[in-house]
Amino acid sequence: MDIQQTTNIIAGQADSIAAIRDEVNKVIVGQEKLIDRLIIALITGGHILLEGVPGLAKTTSISTLAHVLGLEFHRISFTPDLLPADVVGTMIYNPKEGTFAPKKGPVFTNLLLADEINRAPAKVQSALLEAMQERQVTIGDNTYSLPSPFLVMATQNPIEQEGTYPLPEAQVDRFMLKCVVTHPSRDDERRIMNRFTSGRQPEVKAVLSAEKIDAMRATLNQVYCDEKVGDYILDIVFATREPAKFKLPALADQIQIGGSPRATLCLNIAARANAMMNGRAYATPQDVKEIAHDVLRHRIMLTYEAEAEEMTADDIIATILNEIPVP
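Since the model is a prediction, treat every value here as computed from it, not as a measurement.

Procedures and definitions
- Residues numbered from 1 in each chain as written.
- Predicted model: local features only at pLDDT ≥ 70, side-chain atom pairs only at ≥ 80, totals over all residues.
- Heavy atoms only, no water.
- pLDDT = per-residue confidence, 0-100.
- Helix = DSSP H or I, 4+ residues; strand = E, 2+ residues; numbered from the N terminus.
- 1 Å grid on protein atoms, 1.4 Å probe; cavity = no way out; pocket = protein on both sides within 12 Å on 5 of 7 lines; lining within 4 Å.
- Points joined across faces, edges and corners; volume = space filled by probe spheres on them.
- Nonpolar A, V, L, I, M, F, W, Y, C, P; charged D, E, K, R; others polar.
- Phe/Tyr/Trp six-rings, centres within 6.5 Å; stacked < 30°, edge-to-face > 60°.
- Buried < 20%, exposed > 50% of the residue type's maximum accessible area, 1.4 Å probe, protein only.
- Lys NZ or Arg CZ within 6 Å of the ring centre and 35° of its normal.
- Polar contact = N/O pair within 3.5 Å; in protein donor to acceptor, adjacent residues only side chain to side chain.
- Patch = residues over 30% accessible without salt bridge, like charges linked within 9 Å, V, L, I, M, F, W, Y side chains within 5 Å.
- Areas by Shrake-Rupley, 256 points an atom, 1.4 Å probe, with all protein chains shown as cover.
- Salt bridge = Lys/Arg side-chain N within 4 Å of Asp/Glu carboxyl O.
- Pairing = 2+ DSSP bridges.
- Axes fitted to C-alpha atoms, helices over the stretch in contact; angles between N-to-C directions.

A. Local environment of the confidence of the model for the protein. The predicted model of the protein has a mean per-residue pLDDT of 87, with 98% of residues at 70 or higher. The weakest mean pLDDT in the protein belongs to helix H7 (residues 169-172) at 80; the strongest belongs to helix H12 (residues 285-296) at 95.

This is the structure in structure tokens:
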């Protein structure tokens, strides 16, 4: 399939993406970027980690999106007393028949909200590993496939440290994107206040289906990424590992660990999905730049020197994007 044919298919899907945005915007105000990132995660089959203080409509965003897409939605509130079986399920004994039968947990859904994931201990967090990576869950001696599409959106509160368990690097790397949700602008907050204090709750309708999402995923495989854009992606990721080789010696003392090969794969796929969201059948360096922060910010570990200087991963990424030559 050539680029023109793929462009025609993407143009036909543009109305569906616009309809999703319009319906979600009936409820969510001022979080257009977050909604686009959720759609990108769905199209690419990735997962998303949201960081933000309470009250920023993180839960409302994904539950509304699930309704608009006509998908099943479950929410798990992660707490210190949660058990792995509370997430994936367990075997239940039937005294009448004298047998054990599987009881599937809330992970068997299309969109799963792992609310404040860093409040549960490591054994519960790791229960999601197989589900997120392999799209399957083992209960007892049997392995069960998860529904398609399957998306985990985990949230964590950045300001509270008591009673929390930081996510291990292996778990964090499973998330394709990490988005930081900030407070809305004054105008957006006025719209929120007027909309939700009127006594009338906005209603949304389903405008898509799982089959159409699968069709979008098939189209994504046809989106073209030129070799020069691929080299640009490699330069960005390798600059996080070996900054001195890219004439960024100042970053050598600020980066402890750079992006993994999974970062390269995710940056390529997410850039092509971003191009598709903008109606194009080919990825450009600008697509890479637009998605780079969300793909890389949780994959770069800073040194103590960088933290002492109050540097952030976003500062590092911004420096790399400004210095790496654009093809």
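Back to the text.
B. Local environment of the layout of surface pockets. Taken as a whole, the largest pocket holds about 790 Å³ of empty space. What lines the largest pocket is a set of 29 residues, and nearest its centre among them are Glu51, Gln156, Glu169, Lys178 and Arg297. Counting only elements with at least two residues in the lining of the largest pocket, the list comes to strand S1 (48-51), H7, strand S9 (177-180), strand S11 (301-302), helix H13 (304-308) and helix H14 (313-323). For the lining of the largest pocket, the class distribution of residues is 12 nonpolar, 9 polar and 8 charged. Space inside the second largest pocket adds up to approximately 240 Å³. In terms of lining residues, the second largest pocket is bounded by 13 residues, among which Gly55, Leu56, Ala57, Pro184 and Ile192 are the most central. Examining the composition of the lining of the second largest pocket, we find that 3 residues originate from one element, helix H8 (residues 186-196), more than from any other. Tallied by class, residues from the lining of the second largest pocket come to 8 nonpolar, 4 polar and 1 charged.

C. Here's a closer look at the packing of aromatic side chains. Per the stated rule, a full pass over the model turns up 1 aromatic pair. Measuring from centroid to centroid gives 5.0 Å for Tyr93 and Phe100, while their planes differ by 55°, and the two rings are tilted. When its relative accessible area of 45% is taken as the criterion, Tyr93 is described as partly exposed. If you follow Lys104 out to its NZ or CZ, it ends over the ring of Phe108, 5.0 Å from the centre. Cation over ring: Arg241 sits above Phe238, and NZ or CZ is 4.5 Å from the ring centre.

D. Layout of the side chain of Asp294. On the secondary structure map, Asp294 appears in helix H12. Within the structure, Asp294 has its side chain in polar contact with the side chain of Arg37 (distance 2.5 Å).

E. Structural context of a nonpolar patch on the surface. A surface patch of nonpolar side chains, about 270 Å² in accessible area, is lined by Ile3, Tyr224 and Tyr282. Tracing the backbone shows Tyr224 in the loop between helix H9 (210-220) and helix H10 (227-241). For Tyr224, a relative accessible area of 39% gives the class partly exposed.

F. Spatial organisation of the sheet that holds strand S8 (residues 151-156). Taken in spatial order, the 5 strands line up as S2-S5-S8-S1-S9 in an open sheet, and their pairing is parallel. Strands at the two margins of the open sheet, each flanked by one partner only, are strand S2 (73-77) and S9. Neighbour to neighbour, the strand axes of the sheet diverge by 20° on average, direction disregarded. As judged from the 4 bridges shared by strand S5 (residues 111-115) and S8, these two strands associate in the parallel manner. Directly across from Leu111, in S8, lies its bridge partner Leu151.

G. Molecular detail of the side chain of His298. Of note, His298 is situated in the loop between H12 and S11. When its relative accessible area of 7% is taken as the criterion, His298 is described as buried. At 2.8 Å, the side chain of His298 forms a polar contact with the backbone oxygen of Phe175. In terms of polar contacts, His298 uses its side chain to reach the side chain of Arg299, at 3.3 Å.

H. Expanded view of the pairing of S5. Along S5, 5 of the 5 residues are buried, which leaves the element largely enclosed by surrounding structure. With burial as the criterion, each face of S5 is covered, one bearing Leu111, Leu113 and Asp115 and the other bearing Leu112 and Ala114. Two elements, S2 and S5, share 5 bridges in a ladder whose sense is parallel. Residue pairing across strands places Arg75 opposite Leu113, the latter belonging to S5.

I. Empty space enclosed by the protein, seen in detail. Going through the model one piece at a time under the given rule, you end up with 1 cavity of 30 Å³ or more. Taken together, Ile20, Ile39, Leu42, Ile43, Leu65, Leu69, Leu208, Ile213 and Met216 make up the full set of residues lining the largest cavity. Listing elements by their share of the lining of the largest cavity, those giving two or more residues are helix H2 (32-44), helix H3 (58-69) and H9. Looking at the lining of the largest cavity, the element that brings in the most residues is H2, giving 3 residues.

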